[in-house]
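Examining the three-dimensional arrangement
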Amino acid sequence: MNGFLLINKPSGLSSNQVVQKIKEIFKVKKVGHLGTLDPLASGLLVLAFNRATKFSNYFLQSDKHYEVEIVLGSSTDTDDSEGNVIFESTLQPNQDEIISALLSFQGDSMQVPPFFSALKHKGTPLYKYARRGEYIKKDPRKITVHKIDNIKIIGMACKFFISCSKGTYIRSIARDLGDKLNCGAHMTALRRVQQHEFRLFHAKEIHDATYKDLITIEEAFKSIDSIKISKDHTKKFINGVKFKYQEVQRDCIRVYSEDNRFLGLGEINKSHLKHKQLV
């Protein structure tokens, strides 16, 4: 049982709690997720079963897409609605000001992660320090926001769609939006709708998922090019031996044997082919 499972995570459960529930339902020992969602957040959680976990890193770097709700007028210590209010304001920026400030996050920027996050300091997650009242500030990290659209503003609530790079904290965008507008803000809802080519539309509820819903490792990489290699080259490929292969350079390519057996992913560099990950 090797492959990927798309789950619609409900708000209120941690990503690890979902993993444990799926392990119990499917009786599988090795299950991991391809990018955590906060307990408050809902939506697409991609799980990897058994050997598929070895391919997880190819998706961890992928862009993510979210539906977001932010409320202006107050800030919290967690930057979302689960925290304690630490700042309130009676300022009421108009719609043009809100939209202009929000769209300013598009493109590349440096972002300071939230105090309550799974990032580690001296081997311990930041949220554990924060729960003790120790707020550890991490250095800003480069992020990319590809697109912000479908903006809807009702009163002090702002809803929108965002497409962003790995490592982007939407809670931090809420915090920074409040700072830009001088009125404070925090995130009240977050729903992941897409990661790589995996979409929420195809996800299952935890207790509705079955073995038939597993996406094979081969299918998960169907969007990248493929090649077929000879029997002799297949042995070399499986044994990790680099061999001459006349082809343009490819960072990642699907590799098949003569009899159309999917072998795994390979890399072509300087006219030589070598495996990156075997199935």
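Scroll up to find the structure.
Residues numbered from 1 in each chain as written. Predicted model: local features only at pLDDT ≥ 70, side-chain atom pairs only at ≥ 80, totals over all residues. Heavy atoms only, no water.

So, about the nonpolar core. Core analysis: the largest hydrophobic core is formed by 28 residues, its most contacted members being Val68, Ile162 and Ile170. Of all the elements in the fold, those that place two or more residues in this core are strand S4 (64-72), helix H3 (95-103), strand S10 (141-154), strand S11 (157-164), helix H5 (170-181) and strand S12 (185-195). No other element matches the five residues that H5 contributes to this core. Those residues in contact with valine 68, other than ones at most four positions away along the chain, are Cys158, Lys159, Phe160, Ile162, Ile170, Met187, Ala189 and Leu190. Listed in part, the 21 residues of the second largest apolar core include Phe4, Leu44, Phe55 and Tyr256. (Core = buried A, V, L, I, M, F, W, Y, C linked by side-chain atoms within 4.5 Å. Buried < 20%, exposed > 50% of the residue type's maximum accessible area, 1.4 Å probe, protein only. Helix = DSSP H or I, 4+ residues; strand = E, 2+ residues; numbered from the N terminus. Contact = heavy atoms within 4.5 Å.)

Sheet strands line up and pair through hydrogen bonds in the backbone, either parallel or antiparallel. As summarised here, the arrangement of the five strands in space is S14-S16-S17-S18-S15, forming an open sheet in which the pairing is mixed. Only two strands of the sheet have a single partner each, and these edge strands are strand S14 (226-228) and strand S15 (243-244). For strand S17 (residues 262-269) and strand S18 (residues 272-278), the ladder comprises six bridges, and the chain directions are antiparallel. Each bridged residue has a counterpart across the sheet, and for glycine 264 the counterpart in S18 is leucine 278. Packed on one face of the sheet, helix H7 (residues 231-238) meets S15, strand S16 (250-256), S17 and S18 and runs near 55° to S18. (Pairing = 2+ DSSP bridges. Axes fitted to C-alpha atoms, helices over the stretch in contact; angles between N-to-C directions.)

Here the largest pocket is characterised by a volume of approximately 1,100 Å³. For the largest pocket, the lining is made up of 40 residues, of which Thr36, Asp38, Ala118, Tyr169 and Arg171 are closest to its centre. Of all the secondary structure elements, the ones that give two or more residues to the lining of the largest pocket are helix H1 (15-26), S4, helix H4 (126-131), H5 and S12. Classifying every residue of the lining of the largest pocket by side-chain character gives 17 nonpolar, 13 polar and 10 charged. In this structure, the second largest pocket spans a volume of roughly 310 Å³. (1 Å grid on protein atoms, 1.4 Å probe; cavity = no way out; pocket = protein on both sides within 12 Å on 5 of 7 lines; lining within 4 Å. Points joined across faces, edges and corners; volume = space filled by probe spheres on them. Nonpolar A, V, L, I, M, F, W, Y, C, P; charged D, E, K, R; others polar.)

Attention now moves to the packing of H3 against H5. Where H3 contacts H5, the two axes come as close as 10 Å, and the packing angle between them is 130°. When the axes of H3 and H5 are compared, the pair comes out oblique. In the crossing of H3 with H5, the sense of the turn from one axis to the other is right-handed. For the pair H3 and H5, contact is made by Glu97, Ile98, Ala101 and Leu102 and by Leu177, Lys180 and Leu181, respectively. Residue classes in the contact of H3 with H5 are distributed as five nonpolar, no polar and two charged. (Parallel < 35°, antiparallel > 145°, perpendicular 65-115°, else oblique. Left-handed = near helix turned anticlockwise from the far one by under 90°.)

Let us look at the packing of aromatic side chains. Within this structure, the stated rule accounts for 10 aromatic pairs. With a centroid separation of 5.0 Å and 35° between ring planes, the pair formed by phenylalanine 59 and phenylalanine 221 is classed as tilted. One end of the pair, phenylalanine 59, is in helix H2 (residues 57-60); the other, phenylalanine 221, is in the loop between helix H6 (217-220) and S14, and 162 residues separate them in sequence. Here phenylalanine 59 matches phenylalanine 221 in class, with each residue buried. Joined through ring pairs, the aromatic side chains of Phe4, Phe55, Tyr58, Phe59, Phe198 and Phe221 make up one cluster. Here the basic side chain of lysine 180 rests over the ring of phenylalanine 105, its NZ or CZ set 5.2 Å away from the ring centre. (Phe/Tyr/Trp six-rings, centres within 6.5 Å; stacked < 30°, edge-to-face > 60°. Lys NZ or Arg CZ within 6 Å of the ring centre and 35° of its normal.)

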